[in-house]
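# Architecture at a glance
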Amino acid sequence: MKITRLSLLSTIIACALLLCASSSALAQTGSQTDMTGYWKFSSPTSGLDYLQLKQTGEAVSTAGRRPLTGTLHAGKLHLASGTDANATTYDAVVKGEKFPATRITHDGPWGGTDTGTLERVTSEEVHPARLPLPDLRDLPDNGLVRTPPMGWNSWNKFHDRFDDATVRGMADAMVSSGMAKAGYTYIIVDEGWSSGRDANGKITGNARFPDMKALADYVHSKGLKIGIYSSPGPQVCGGYQGSYGHEEEDAQTFADWGYDYLKYDWCSAGGIYQSTWADLEGAYQKMGEALEKTRRPIVYSLCEYGAGDVWKWGAKSGGNLWRTTGDISDSWQSMQRIGFAQLDIANNAQAGHWNDPDMLEVGNGGMTADEYRTHFSLWAMLRAPLIAGNDLRTMTDETKSILTNPEIIAIDQDLEAKPVQLLSQEGTSEVLVRPLTGSAVAIGLFNRGDKPAEISFRWDSLHLGQGLGFGGMRGPTVRDLWKHEDIPTTGDTFTATVPPHGVVMIQTTSGRRR
Ligand code: GLA
């Protein structure tokens, strides 16, 4: 009895303490919510943002790497990443644990105002526990993309600021511009389409992508194929929903919707797994297995920026292509730094399994026409995927003529398996060669310098390229692949004047002519 009363008393005390604790967890200081803890900003049209807030008095700031500071004053929260016009800001009237909020970002042309919700979340949601990865094994080849895939992707031009109508417009333009005829097939929806999961855990499109199946049907009706984007992490890079812990389900959803291509981007998986070969391969194999299980032919595009020498194991995890570098940007510096650094790994590409030095920037406005011709020629010499990243609906004739140049595309799509090689380099001039089918050879004379350059090579130097069989050959007829004309040549040497940052691309009509 005594004991019972005592335990009753202690229960009452414990409850009182608990109430007190939970009301402080409910976190009222005076009448104000204490913002300390994890919060999620979500809106129907943008990705998620997780904020780890710390409040001291009225001062509120983010702990960790996102430097936002501000105040909670008279129930109004204001946070900013700085004081200049480019600061990211959050504003909300704080009411309990979930309330409307506005975020303004100035992310170049992609910035904007997002009205959404700020909601308290658990630290487990922000830092989910690591789930087991499969034992590593070699997945069978899915038989797709025997030549490098060709298509269009939304990211380079639009980032996540695009919608269903934009994608449909791009499919229309792919056909009407002649791109489809030139070989471009895949319309790829990059980051920005997903919102979250429904009550059954199924991934859903956001307000800008209300019906992902209908979109796929539309793209298919144009005779094209369609691609989608996700991540082995809980969120893709800009915060939209990823596939973590839902790999099989999402692969099946993508297959059910009719998608033909998945770009799978490491992003927040980096906060859960290690960036080691084993973890990377395991995480990519997990989705590779999930795709295989759907039995739908889905091109699998690995995007982890070349970590863990992906070109050595990407094919084993089911990958059809794998990014070999960080992100390209629409500038000469970025493009040429990436493009010319690919030669050492060129022999890792093989039919169905391609090195991907990132998508094309041709037509986005940051480079000259000569630079874009270099970009396109170099990607073709590398046998890189040709994924256009410009607005196909409004491209100029010049852009179109670059992207649809059939003779350069033929180099990219040639079936001969020998890799590109550096024939010679002198200062900023580089001559690249690649054997083609039927003993023909593609030769690119690249001028990486700022002034016009005379670039030459000796015909007999082509024997340096393994097994090219050019010993003693003189004066073959060559074709200029940008001028679209045959050029008769004489003598032991071929010489061209190449504009600054430009290229002369030629192809021998027959490699064995003597
Ligand atoms: C990464 C990828 C890009 C693009 C963005 C989207 O940076 O490398 O190609 O998909 O994510 O956030």
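These remarks concern the structure in this document. Here the structure is a predicted model, which means the values were calculated and not measured. Residue numbers here run from 1 along each chain, matching the order of that chain's written sequence. Thresholds applied to this predicted model are a pLDDT of at least 70 for local features of residues and 80 or more for the giving and counting of side-chain atom pairs; totals over whole chains, interfaces and linings are not thresholded and use all residues. Excluding hydrogens and water, the side-chain figures rest on all heavy atoms present in the structure.

### Details of the site of the ligand
Stated precisely, the cut-off is as follows: Whether a residue is near a molecule or strand depends on its heavy atoms: if one lies within 4 Å, it is near. Counted as a polar contact is a pair of N or O atoms within 3.5 Å, where, for protein atoms, one must be capable of donating a hydrogen and the other of accepting one, and residues adjacent in sequence contribute only when both atoms are in side chains. Using the Shrake-Rupley algorithm and a 1.4 Å probe, accessible areas are obtained, with residue cover drawn only from the displayed protein chains. The classification used treats Ala, Val, Leu, Ile, Met, Phe, Trp, Tyr, Cys and Pro as nonpolar, Asp, Glu, Lys and Arg as charged, and all other residues, Gly among them, as polar.
In the neighbourhood of the ligand, the contacting residues comprise Trp-155, Asp-190, Glu-191, Tyr-229, Cys-237, Lys-263, Asp-265, Cys-303, Tyr-305, Arg-323, Asp-327 and Met-359. Here an oxygen atom of the ligand sits 2.8 Å away from a polar atom, N or O, in the side chain of Asp-190. The contact in question runs from an oxygen atom of the ligand to an N or O atom on the side chain of Asp-265, over 2.8 Å. Relative to its free-state accessible area of 310 Å², the ligand is covered by the protein chains to the extent of 93%. Taken together, the residues of the shell around the ligand sort by class into six nonpolar, no polar and six charged.

### Observations regarding the sheet that holds strand β23 (residues 441-447)
Under the convention used in this document: Paired strands are those between which DSSP finds at least two bridges. Counting from the N terminus, the helices are DSSP H or I runs at least four residues long and the strands are E runs at least two residues long. Geometry is summarised by axes, namely lines fitted to C-alpha atoms with helices restricted to the contacting stretch, and by angles between N-to-C directions that run from 0 to 180 degrees. Note on contacts: a residue pair qualifies if any of its non-hydrogen atoms lie within 4.5 Å across the two residues.
On the basis of which strands lie adjacent, the open sheet formed by six strands has the order β21-β22-β23-β28-β25-β26 and antiparallel pairing. The sheet is open, and its two borders are formed by β21 (421-426) and β26 (485-487), each paired with just one other strand. On average, each strand axis in the sheet is tilted by 25 degrees relative to the strand beside it, whichever way the strands run. Note that strand β25 (residues 478-480) and strand β28 (residues 503-508) share three bridges and pair antiparallel. Along β28, the bridge assignment pairs Val-478 with Thr-508. Contacts from helix α10 (residues 369-381) reach β22 (429-435), β23 and β28, with the element oriented near 140 degrees to β23.

### As for the environment of Thr-83
Stated precisely, the cut-off is as follows: Each residue's exposure class comes from its accessible area (1.4 Å probe, protein chains only) as a fraction of the maximum for that residue type: buried when under 20%, exposed when over 50%, partly exposed otherwise.
Mapped onto the elements, Thr-83 comes out in the loop between β7 (76-80) and β8 (89-93). Overall, the relative accessible area of 85% leaves Thr-83 in the exposed class.

### A short note on the nonpolar core
What counts is decided by this rule: Residue types Ala, Val, Leu, Ile, Met, Phe, Trp, Tyr and Cys, when buried and joined through side-chain atoms within 4.5 Å, form a set referred to as a nonpolar core.
Ranked by size, the top nonpolar core spans 91 residues in total, and within it Trp-193 and Phe-376 carry the most contacts. Residue contacts for Trp-193: discarding those within four places in its chain leaves Ile-203, Thr-204, Gly-205, Asn-206, Phe-209, Met-212, Ile-228, Tyr-229, Phe-254 and Trp-257. Core analysis: the second largest hydrophobic core is formed by 17 residues, Val-433, Ala-453, Leu-462 and Val-478 among them.

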